[in-house]
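Summary of the model geometry
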Amino acid sequence: MVYDLIIIGAGASGLAAACKGIMENAKCKILVLEKEAIAGRKFRAAGNGKCNLTNSEFNGKCYHSQNQSFIDNWTNRHSYRDVIDFLNSMGICLYEKDGYYYPLSNQGKQVTNILYEKSRLAGVEYRFETRVTDIECIECLDIRREQQTTTDVSCYAVKAVQNGGETCSFLTRNLLVATGGKAAPKLGGCEDGYEFCKKLGLQRIDPYPALSPIYVEDHNLSLAKGVRLDTTVTLKGEDLDVKESGQVQFNENSISGIVIMNLSCYQNRRCDQKYQVFIDTLPTLSWNNLKEFLLSQKEHFPEEALILALDGLLPETFIRYILKRLRIEQNIPLKDVSEKQFNRLTSALKKLEFAPVYREDYDKAQVTGGGIATEEIMIDSFECKRHHNLYITGELLDVNGKCGGYNLTFAILSGIEAARSVVSNGQNQVIHN
């Protein structure tokens, strides 16, 4: 049998494509091949399982790519409402909180289950624990006979290995590669898609971990492990100066939190550059106000230990870390703290500096930056320019977004567009009407 569409990968993009394809044409023969035992393992885990699906702030500035014009053109063509409308059509209701959209169930696994079950019941065939090992474009005699033509007709041969080692192969008129990237290997992240595209001669932007912690050089940082602070963070490089506000978590050898993950996309994208991170740990106070506060404590409580004077500002473990880093005795009486020490302390709390170091940590990254160059695909269909009827969608492409549902938005909408194109093209051929 020759399928109308084979989808490699049952993640967010693959599931969206399967649903859209079967909704557009109930007779379309669709096969989804997934190496994991269930659909959407990574999809289920998004947002700690709560699954932030899209965001009303949707625009080109929310994404990273080597080809910014692609991002700007693509976001201008779409709206976050496109995701909401699609999910509503599948029986998935969302609610909004501060511009972020979540499923009413607050469970990503239920979103995955609905997309899988409804597409399966509509006729989409799924094969799990089936890892694709090779794809090849070949001349297909079966299609020539079916269409009663003597014209050369090509299709894709997909080879795979099932659980247990059994090999199998499939033929399809259209092939959609939605394998995702390298991030979160424990949830199915892999390099398979890159290898398939490399064989087909497609250009690839070197992948990098995105939405990850930023690792820093500071042997005292373990003293602040587990501390969370509302901050303003600035990342500076040779030609970069980006600022974000939000909560930062201090770890043994890294800093994390949504604001840090967003900034990591800039740093990891150009890991050959040197960067500096500056954290304002008390953004509600100016440098002068903080200094005045400390001096007033000295005036009114001269015998009080410095560490106690800071208790009203920050968690104790963080104060111990700062004083250790500055090599200031924590129990020194305020009357003995010098003007220079007060200045150093104030500056450290208002502009705590770190030297980031790049680590290729895909285990902790939420998505993969880089990937197949967007110049290789058509923006309105995600069809490959060099290979007719080959589609590439989702995280495998050189498009990654910041936290807030943007990556799922791109995965879902690119899958929908590819499926729509497959069915539209098929109406001019033979998609089992």
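Residues numbered from 1 in each chain as written. Predicted model: local features only at pLDDT ≥ 70, side-chain atom pairs only at ≥ 80, totals over all residues. Heavy atoms only, no water.

Before going further, it helps to examine the overall build of the protein. Counting secondary structure elements, the protein contains 13 helices and 21 strands. Taken along its principal axes, the extent of the C-alpha atoms in the protein is 95 × 45 × 40 Å. Across the 433 residues of the protein, 56% fall into the buried class. Taking the average location of the 50 positive side-chain charges in the protein and that of its 54 negative ones, the two points are 1 Å from each other. (Helix = DSSP H or I, 4+ residues; strand = E, 2+ residues; numbered from the N terminus. Buried < 20%, exposed > 50% of the residue type's maximum accessible area, 1.4 Å probe, protein only. Lys, Arg positive; Asp, Glu negative; His and termini not counted. Charge placed at Lys NZ, Arg CZ, Asp CG, Glu CD.)

What follows covers the layout of surface pockets. There is about 180 Å³ of room inside the second largest pocket. Its residues assigned to classes, the lining of the second largest pocket comprises 3 nonpolar, 5 polar and 1 charged. (1 Å grid on protein atoms, 1.4 Å probe; cavity = no way out; pocket = protein on both sides within 12 Å on 5 of 7 lines; lining within 4 Å. Points joined across faces, edges and corners; volume = space filled by probe spheres on them. Nonpolar A, V, L, I, M, F, W, Y, C, P; charged D, E, K, R; others polar.)

Bringing empty space enclosed by the protein into the picture now. The full count for this structure, using the stated rule, is 1 cavity of 30 Å³ or more. Reported here for the largest cavity is a volume of approximately 50 Å³. If you go around the largest cavity, the residues you meet are Ser-212, Pro-213, Ile-214, Tyr-215, Gln-267, Asn-268, Val-357, Tyr-358, Arg-359 and Asp-361. Where the lining of the largest cavity is concerned, the elements lending two or more residues are strand E12 (214-216) and helix H8 (258-269). Of the residues belonging to the lining of the largest cavity, the class tally is 5 nonpolar, 3 polar and 2 charged.

On to the pattern of salt bridges, then. With the rule as written, the count across this model stands at 19 salt bridges. Across the pair Asp-134 and Lys-199 runs a salt bridge whose closest N-O atoms are separated by 2.6 Å. Pair noted here: Asp-134 is in strand E8 (residues 130-139) and Lys-199 is in helix H7 (residues 192-199), with a separation of 65 residues, a long-range link. With relative accessibility at 48%, the residue Lys-199 sits in the partly exposed group. A salt bridge links Lys-350 to Asp-280; the shortest N-O distance between them is 2.8 Å. (Salt bridge = Lys/Arg side-chain N within 4 Å of Asp/Glu carboxyl O.)

On the surface, a cluster of positive charge is contributed by Lys-324, Arg-327, Lys-340 and Arg-344. Within the secondary structure, Lys-324 sits in helix H11 (residues 316-326). (Patch = residues over 30% accessible without salt bridge, like charges linked within 9 Å, V, L, I, M, F, W, Y side chains within 5 Å. Areas by Shrake-Rupley, 256 points an atom, 1.4 Å probe, with all protein chains shown as cover.)

Let us look at the nonpolar core. Among the nonpolar cores identified, the biggest contains 80 residues, and Phe-43, Tyr-63, Phe-70, Trp-74, Phe-86, Leu-115 and Leu-175 are the most heavily contacted of them. Counting residues per element, this core draws most heavily on helix H13 (residues 406-426), at 10 residues. Not counting chain neighbours up to four residues away, the residues in contact with Phe-43 comprise Gly-11, Ala-12, Leu-15, Cys-51, Leu-53, Val-111, Thr-112, Leu-115 and Leu-408. (Core = buried A, V, L, I, M, F, W, Y, C linked by side-chain atoms within 4.5 Å. Contact = heavy atoms within 4.5 Å.)

This paragraph deals with H11. Among the residues making up H11, those that are buried are Phe-318, Ile-319, Tyr-321, Ile-322, Leu-323 and Leu-326. Looking at the buried residues of H11, the elements they touch are strand E13 (228-237), strand E14 (240-250), helix H10 (306-309), helix H12 (339-350) and strand E17 (352-354). Of the residues trailing H11, Arg-327 is marked for its positive phi of about 55 degrees.

Attention now moves to the packing of helix H1 (residues 12-24) against helix H5 (residues 108-122). Two elements in contact, H1 and H5, have axes whose closest approach is 9 Å; the angle formed by their N-to-C orientations is 35 degrees. Judged by the twist between their axes, the crossing of H1 over H5 is left-handed. Every residue of H5 that contacts H1 at Leu-15, Ala-18, Cys-19 and Ile-22 is listed here: Thr-112, Leu-115, Tyr-116, Ser-119 and Ala-122. In terms of residue class, the contact of H1 with H5 is built from 7 nonpolar, 2 polar and no charged. (Axes fitted to C-alpha atoms, helices over the stretch in contact; angles between N-to-C directions. Left-handed = near helix turned anticlockwise from the far one by under 90°.)

Turning next to the packing of aromatic side chains. Applying the stated rule across the entire model yields 16 aromatic pairs. Ring plane angle 90 degrees and centroid distance 6.3 Å describe the contact between Phe-70 and Phe-382, whose orientation is recorded as edge-to-face. Taken together, the residues span a long stretch of sequence, with Phe-70 in helix H3 (residues 68-77) and Phe-382 in the loop between strand E19 (367-372) and strand E20 (390-392) at a distance of 312 residues. One exposure class covers both Phe-70 and Phe-382, and it is buried. In textbook terms, an aromatic cluster arises when at least three aromatic residues are bridged by ring pairs, as seen for Phe-58, Tyr-63, Phe-70, Trp-74, Phe-382, Tyr-406 and Phe-410. When the ring centre of Phe-354 is taken as origin, the NZ or CZ atom of Arg-325, which lies over that ring, is 5.1 Å away. We note Lys-351 situated over the ring of Phe-278; from NZ or CZ to the ring centre the distance is 4.9 Å. (Phe/Tyr/Trp six-rings, centres within 6.5 Å; stacked < 30°, edge-to-face > 60°. Lys NZ or Arg CZ within 6 Å of the ring centre and 35° of its normal.)

Of the residues in the protein, 95% have a pLDDT of 70 or more, and the chain-wide mean is 93. This model gives residues 148-152 a pLDDT under 50, and the stretch forms 5 contacts once residues within four places in sequence are excluded. (pLDDT = per-residue confidence, 0-100.)

Further remarks concern the pairing of E19. Burial analysis of E19 places 6 of its 6 residues in the buried class, the great majority of the element. For strand E11 (residues 204-210) and E19, the ladder comprises 5 bridges, and the chain directions are antiparallel. Across the sheet, Pro-209 pairs through a bridge with Thr-368, a residue of E19. (Pairing = 2+ DSSP bridges.)

This part covers the sheet that holds E14. Spatially, 7 strands are ordered E17-E16-E13-E14-E15-E12-E18 in an open sheet, and the strand pairing comes out antiparallel. Two strands bound the open sheet, and with one partner strand each, they are E17 and strand E18 (356-357). The pairing of E12 with E18 spans 2 bridges and is antiparallel. In the strand pairing of E18, Tyr-215 is matched with Val-357. Packing of H8 onto the sheet brings it into contact with E12, E13, E14, strand E15 (254-256) and E18, and relative to E14 it is tilted by some 145 degrees. The strands touched by H12 within the sheet are strand E16 (276-280) and E17, with E16 carrying the most contacts at an inclination of about 105 degrees.

Read from one edge to the other, the open sheet built from 3 strands follows the order E3-E6-E5, with strand pairing classed as antiparallel. Each edge of the sheet is formed by a strand with only one pairing partner; in this case those strands are strand E3 (54-55) and strand E5 (94-97). Two elements, E5 and strand E6 (residues 100-103), share 4 bridges in a ladder whose sense is antiparallel. By the bridge assignment for E6, Tyr-95 is matched with Tyr-102.

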